[in-house]
Structure formats: C-alpha cells, structure tokens
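Architecture at a glance
Residues per chain, in single letters:
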Amino acid sequence: MEDVLDRLQSLEARYDKLNELLSDPEVINDTKKLREYSKEQSDLEGVVQSYRQYKDVTEQLDDAKEMLEDNLDDDMYDMVKSEISELTNQKQELEERLKVLLLPKDPNDDKDVIMEIRGAAGGDEAALFAGDLFRMYSRFAESQGWKIDVMDSNSTGVGGYKEIIFMINGQGAYSKLKYENGAHRVQRVPETESGGRIHTSTATVVVMPEAEEVEVDIHEKDIRVDTFASSGPGGQSVNTTMSAVRLTHEPTGIVVSMQDEKSQIKNKEKAMKILRARIYDKFQQEAQAEHDEARKSAVGTGDRSERIRTYNFPQNRVTDHRIGLTIQKLDQILQGKFDEIVDALLIEEQTKKMEQIGE
C-alpha cells in the first residue's frame, strides 16, 4: 500500500497545481490549455476526493487508538473499540476503492462511439432482432442523457435492419458500451411462424470509439472517392443527383458508402467519420492481437466473432456467456435497462486487471 500512497500523494499535488493553473489568466485565455487542464482535473477529482477521505479516516483511527491508552471507564472503552472497528472497515473499503481508481484507464473510455448493428444468420428474423438491439441501445443512451444520431441504415420491409450505423455522443459512452462487441443471439418464436417453433437468429454489434483527426493520419492520396445516385429499396434510384459517396481507403481496403443525406458534402463528412473510426479500430484490434494478455483482460472487446450473449424470449432470460451471468429480465433489458450487465462486466475486467498487477 506504501507505493499506492506515494502515487496518491503525487496525484493530489498535481490536482492542487491544476486548480492554480485554472485560475491563471494566461490559461483562461488559452482555449486549448483550458480544455486540457479542465479534463485532467476532472479525471483526477474522484481519486483525490477518495484519497482525502482515506487520510481523514486514517487520522480518526489513529486518534481513537491513542484514546485506548488513556484510563477509560468501561462504557467509554466499549464505545472507542466500536469506533475503531467501524473506522477500520471504512479504511479497508477506501483502500480497495483507491486500488480500483488507480487501475490503468482505457484512453478511449470518455469518447463518443460509432456503433454498427447487422442482421446475421436468420434472414428477416435476424433483421428484426437487429432492430430490437438498436432500440435497446437507443433507450439506454436516452437514460444516460446521451444523444443519438443515425448515420446510415438499410431497413427491411418487415420493420428490421439489415444494417444500421449510428453515433452516440455522451460522457463515458465508450466506457459503458465497449463490452457490446460481438455476436448477439436471440431465441424466440417468430411472428410469421405458424407452427410456434423457436428459432435461433443472430445479429452482430461493433462498437468503435470516435477517432479524432490527430489520432488517425489519413492522407487524401490514399482515399478513392466515388459518387453515385442514391438508391432506395429494390435498387431504384431515389434522386438524379450524384449525392451518394463511397470512400475506399486503399492501404487498408476499408470501404464506407453513405447516401443518408441529400447533400454529397454531408454524406462525405459522415463517411469520413465512419472511415476514421474503422481505421482507428483496425489498428487497435491489431495492437490487441499482439498483446494476448492485455486482450484477455479487456472483457468482450477482443474477438468480434465471439458469441457474447443470448436473449431467450420464452424464458424471459438473458445470458452473458463471457462471465456466466443470467438475468430473468429480458423484457426490461430490451427497454434499455441493462446497467446490471454493464456493471458486472466492468467488475470482471477490474478484477482481472488487479490479478495481473498482483502477479
């Protein structure tokens, strides 16, 4: 714990220094520095407050132990012993909290996300399930106060999606949604099934942190831009202008098409956001593959072909296969109330990181 306390002391000193800097007129007038220092201070606030609480409890505990050395009557002695027991428990809880707060943080945790959901095995039923997942994530985002922007979609005649790409803007969006990467499986009786047989279908979910321009160096010469007329269901042209855009990043072979907007410029802007995120994500996946242990510690952010979760309608059951968690609240989870799953996955990841540090 001594090394931890030394680190906490230096973080507290940095936090105090940032308070001074944020009152400095030069910093106030420099938008970039003001934003940078404000974010750093915000990131440190939780750990510094917990450290100060820890110091306060430790001081109270030392004072209480000193009191035991005085000549106390029986009632006072029992009261002090009870206080020592309570303060000791508080100190241990704070020590554990501080260890978790000092775990290496995913640099992408505070970023906005781009999500892609695709119907996979199961035809129309898979597309309907993709629509269910989109509504689930939309409601979860709304409950967090986040903003949703559909960037592109390919809907089916039965009310689902072959593919839908959307952006979620909000503090900590990636930190809570990064565990959704992978194949999601549904077991239910389709509305069109007269025999009442249970069908199994799948949809895939990809979650990518939004990448800033400075994080992904994309050269104009590496991008091939093709324009074409937007098409609707069945392939018929919906307008005569060449507003749809296809971007091909030749070094990686990543292709993004966008026809959601009537303006070619807007379609290109949206396509560039998705392209940047996919390239950044590709580099991240490759880096994770090179560090197997690091990838294993990040629950569910590795192999995207992995089946991560099953949604069983007849039994109102959701099972997350990565941590063996089963919850009999399918109806609530599809309404976006899946904090319980997110929290369990976060605890699992923190536990694995703690084990690695202890090795």
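So, here's what we can say about the structure. This one's a predicted model, so the numbers in the text were calculated from it and none came from an experiment.

**What to know about the packing of helix 1 (residues 2–21) against helix 3 (residues 31–67)**
Relative orientation and spacing of two packed helices are given, respectively, by the angle between their axes and the distance between those axes. It is the contact of helix 1 with helix 3, at a shortest axis distance of 9 Å, that shows an interaxial angle of 130°. In terms of axis orientation, helix 1 runs oblique to helix 3. Relative to helix 3, the crossing made by helix 1 is left-handed. Contact residues: helix 1 offers Leu5, Leu8, Gln9, Leu11, Glu12, Arg14, Tyr15, Asp16, Leu18, Asn19 and Leu21, while helix 3 offers Tyr37, Glu40, Gln41, Leu44, Glu45, Val47, Val48, Tyr51, Arg52, Tyr54 and Lys55.

**Digging into the pattern of salt bridges**
Inspection of every chain in the model, using the stated rule, returns 26 salt bridges. Residue Glu116 is joined to Arg118 by a salt bridge in which the shortest nitrogen-to-oxygen separation is 2.8 Å. Looking at Glu116, the relative accessible area reads 3%, which means it is buried. Through salt bridges with shared partners, a single ionic network connects Glu12, Asp16, Arg52 and Lys55.

**Focus: the pairing of strand 8 (residues 254–258)**
Where burial is concerned, the two faces of strand 8 differ: the one with Ile254, Val256 and Met258 is buried and the one with Val255 and Ser257 is not. Between the antiparallel neighbours strand 7 (residues 244–249) and strand 8 lie 4 residues, among them Gly253 with a positive phi of about 80°.

**Focus on the nonpolar core**
Core analysis: the biggest nonpolar cluster contains 34 residues, and Tyr137 and Leu177 have the highest contact counts within it. Counting residues per element, this core draws most heavily on helix 5 (residues 123–144), at 8 residues. Discounting chain neighbours no more than four positions away, the residues touching Tyr137 are Met115, Ile117, Phe166, Leu177, Glu180, His184, Val205 and Phe338.

**Considering a nonpolar patch on the surface**
Judged by side-chain polarity, Met67, Met76 and Met79 come together as a nonpolar surface patch covering roughly 260 Å² of accessible area. By the element assignment, Met79 lies in helix 4 (residues 74–101).

**Structural notes on the packing of aromatic side chains**
In total, this model carries 6 aromatic pairs according to the counting rule given. Among the aromatic residues, those joined into a cluster by ring pairs are Tyr137, Phe140, Trp146 and Phe338. Positioned above the aromatic ring of Phe313 is the side chain of Arg188, whose terminal nitrogen or guanidinium carbon lies 4.7 Å from the ring centre.

**Examining the pairing of strand 9 (residues 307–312)**
Most of strand 9 is tucked away, with 5 of its 6 residues classed as buried. Here strand 4 (residues 182–188) pairs with strand 9 via 5 bridges, running parallel. Paired with Ala183 across the strands is Arg307, a residue of strand 9. Relative to strand 10 (residues 317–320), strand 9 runs antiparallel, the two being bridged by 4 bridges. Along strand 10, the bridge assignment pairs Tyr311 with Val318.

Scoring rules and cut-offs
- Residues numbered from 1 in each chain as written.
- Predicted model: local features only at pLDDT ≥ 70, side-chain atom pairs only at ≥ 80, totals over all residues.
- Heavy atoms only, no water.
- Axes fitted to C-alpha atoms, helices over the stretch in contact; angles between N-to-C directions.
- Helix = DSSP H or I, 4+ residues; strand = E, 2+ residues; numbered from the N terminus.
- Parallel < 35°, antiparallel > 145°, perpendicular 65-115°, else oblique.
- Left-handed = near helix turned anticlockwise from the far one by under 90°.
- Contact = heavy atoms within 4.5 Å.
- Salt bridge = Lys/Arg side-chain N within 4 Å of Asp/Glu carboxyl O.
- Buried < 20%, exposed > 50% of the residue type's maximum accessible area, 1.4 Å probe, protein only.
- Pairing = 2+ DSSP bridges.
- Core = buried A, V, L, I, M, F, W, Y, C linked by side-chain atoms within 4.5 Å.
- Patch = residues over 30% accessible without salt bridge, like charges linked within 9 Å, V, L, I, M, F, W, Y side chains within 5 Å.
- Areas by Shrake-Rupley, 256 points an atom, 1.4 Å probe, with all protein chains shown as cover.
- Phe/Tyr/Trp six-rings, centres within 6.5 Å; stacked < 30°, edge-to-face > 60°.
- Lys NZ or Arg CZ within 6 Å of the ring centre and 35° of its normal.

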